[in-house]
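Listed below are the residues making up each chain.
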Amino acid sequence: MLTAVIKKNDTQAKWLIGIFSFVVFTVIIILSNFKLNLNLGFNVHIFATFNAIINTIIAILLVVALIAVKSKKYALHKNLMLLALIFSILFLVSYIAHHLLAGETKFGGTGTIKVIYLIILFTHIFLAAIILPFILFTAYRALTAEFSLHKKIARYTWPLWMYVAITGPIVYLFISPYYK
């Protein structure tokens, strides 16, 4: 069994996770209203492609980490989940860069395909907006070696994170033909 990596301090953790999650959410909302008019000499939608690739990698890491924990390979599970967190940070930076440099892209489809796209997009955005504190609390419980609480939270966090990781590339596939 793994041991605690950090000392348990629920009050401090709740504050730090809450503040960090709020700041990240606020920064994304504020920056989504801005577009930098820079000519970088390359197609800035490469960030969107990169984001879809990162989300795909995160989804794969989540599946392999689930298999690892079910196989009682706890150290491997921990390392895979930490790697998924690192990729999530990389995604966040790339996501902000893409939206600052490319601005908003409108979906050009109509009819049923547009309805499907909008359902996937809105559920993806909503869950992406709320998942961060769940991910951080789940990680906190694992890093403090509170594995029963970690497992209880992870039952909800994992499928939500997985949904966000899978629908990100799906949204990209829908919208990428409309990038200018």
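Residues numbered from 1 in each chain as written. Predicted model: local features only at pLDDT ≥ 70, side-chain atom pairs only at ≥ 80, totals over all residues. Heavy atoms only, no water.

### A closer look at the confidence of the model for the protein
Caution is warranted with low-pLDDT regions, since their predicted coordinates should not be read in detail.
Turning to step 1, where the next piece is worked out: With 100% of its residues at a pLDDT of 70 or more, the protein has an overall mean of 93.
Turning to step 2, where the next piece is worked out: Least confident of the elements in the protein is helix α1 (residues 10–31), whose mean pLDDT is 93; most confident is helix α2 (residues 46–70), at 97. (pLDDT = per-residue confidence, 0-100. Helix = DSSP H or I, 4+ residues; strand = E, 2+ residues; numbered from the N terminus.)

### A word on the packing of α1 against helix α4 (residues 112–143)
Turning to step 1, where the next piece is worked out: At a minimum axis separation of 9 Å, α1 and α4 run at an interaxial angle of 150 degrees. The angle between α1 and α4 falls in the class roughly antiparallel. Handedness of the crossing formed by α1 with α4: right-handed. In this structure, α1 uses Asp 10, Ala 13, Lys 14, Ile 17, Phe 20, Ser 21, Val 24 and Phe 25 to contact α4, whose residues at the interface are Ala 129, Leu 132, Pro 133, Leu 136, Phe 137, Tyr 140 and Arg 141.
Turning to step 2, where the next piece is worked out: Here the residues of the contact of α1 with α4 are counted per class, giving eleven nonpolar, one polar and three charged. (Axes fitted to C-alpha atoms, helices over the stretch in contact; angles between N-to-C directions. Parallel < 35°, antiparallel > 145°, perpendicular 65-115°, else oblique. Left-handed = near helix turned anticlockwise from the far one by under 90°. Contact = heavy atoms within 4.5 Å. Nonpolar A, V, L, I, M, F, W, Y, C, P; charged D, E, K, R; others polar.)

### As for the pattern of salt bridges
Turning to step 1, where the next piece is worked out: Counting across every chain of the model gives four salt bridges.
Turning to step 2, where the next piece is worked out: Across the pair Glu 146 and Lys 8 runs a salt bridge, and its minimum N-O distance is 2.8 Å. Here Glu 146, found in the loop between α4 and α5 (147–175), pairs with Lys 8, found in the segment before α1; they are 138 residues apart in sequence, far enough to count as distant.
Turning to step 3, where the next piece is worked out: Owing to a relative accessible area of 14%, Glu 146 belongs among the buried residues under this scheme.
Turning to step 4, where the next piece is worked out: What makes Lys 8 partly exposed here is its relative accessible area of 45%.
Turning to step 5, where the next piece is worked out: Salt-bridge contacts for Asp 10 lead to Arg 141; the nearest nitrogen and oxygen are separated by 2.9 Å. A residue pair is termed long-range when its members are at least 10 positions apart, and Asp 10 in helix α1 and Arg 141 in helix α4 qualify at 131 residues.
Turning to step 6, where the next piece is worked out: Within the structure, one salt-bridge network assembled from shared partners comprises Lys 8, Asp 10, Arg 141 and Glu 146. (Salt bridge = Lys/Arg side-chain N within 4 Å of Asp/Glu carboxyl O. Buried < 20%, exposed > 50% of the residue type's maximum accessible area, 1.4 Å probe, protein only.)

### What about the nonpolar core?
Turning to step 1, where the next piece is worked out: Core analysis: the largest hydrophobic core is formed by 16 residues, its most contacted members being Ile 58, Leu 62, Leu 80, Met 81 and Trp 161.
Turning to step 2, where the next piece is worked out: Put simply, the parts of the chain that give this core at least two residues each are α2, α3 (74–102), α4 and α5.
Turning to step 3, where the next piece is worked out: Of the residues forming this core, the biggest block, seven residues, is contributed by α2.
Turning to step 4, where the next piece is worked out: Once you skip the residues sitting within four places of it in the chain, Ile 58 turns out to touch Ala 84, Phe 87, Ser 88, Trp 161 and Ala 165.
Turning to step 5, where the next piece is worked out: If you look at the next biggest cluster of nonpolar residues, it comprises eleven residues, including Tyr 117, Ile 120, Leu 121 and Ile 175. (Core = buried A, V, L, I, M, F, W, Y, C linked by side-chain atoms within 4.5 Å.)

### Some details on α4
Turning to step 1, where the next piece is worked out: Over its 32 residues, α4 extends 45 Å from the first C-alpha to the last, a length consistent with the 46 Å expected when each residue adds 1.5 Å.
Turning to step 2, where the next piece is worked out: At Ile 131, α4 is bent by approximately 40 degrees, the largest bend along its length, and proline Pro 133 sits one to four residues beyond.
Turning to step 3, where the next piece is worked out: All buried positions along α4 are accounted for by Tyr 117, Ile 120, Leu 121, His 124, Leu 127, Ile 131, Leu 132, Ile 135, Thr 138, Ala 139, Tyr 140 and Arg 141.
Turning to step 4, where the next piece is worked out: Where the residues of α4 are buried, they touch α1, α3 and α5.
Turning to step 5, where the next piece is worked out: Backbone geometry just after α4 places Ala 145 at a positive phi near 65 degrees. (Expected span 1.5 Å × (residues − 1). Bend = angle between axes of the 7 residues up to and from the residue.)

### Some thoughts on the packing of aromatic side chains
Turning to step 1, where the next piece is worked out: This model, assessed by the stated rule, comprises seven aromatic pairs.
Turning to step 2, where the next piece is worked out: Plain terms: the ring middles of Phe 107 and Tyr 117 are 4.2 Å apart, the flat faces sit at 15 degrees to each other, and that makes the pair stacked. In this pair, Phe 107 sits in the loop between α3 and α4 while Tyr 117 sits in helix α4, placing the two residues ten residues apart along the sequence. Exposure class is identical for Phe 107 and Tyr 117. Each is buried.
Turning to step 3, where the next piece is worked out: The interplanar angle of 70 degrees and the centroid separation of 5.2 Å between the aromatic rings of Phe 107 and Tyr 178 together place this pair among those described as edge-to-face. Here Tyr 178 lies in the segment after α5 and Phe 107 lies in the loop between α3 and α4, a separation of 71 residues in the sequence.
Turning to step 4, where the next piece is worked out: Overall, the relative accessible area of 13% leaves Phe 107 in the buried class. (Phe/Tyr/Trp six-rings, centres within 6.5 Å; stacked < 30°, edge-to-face > 60°.)

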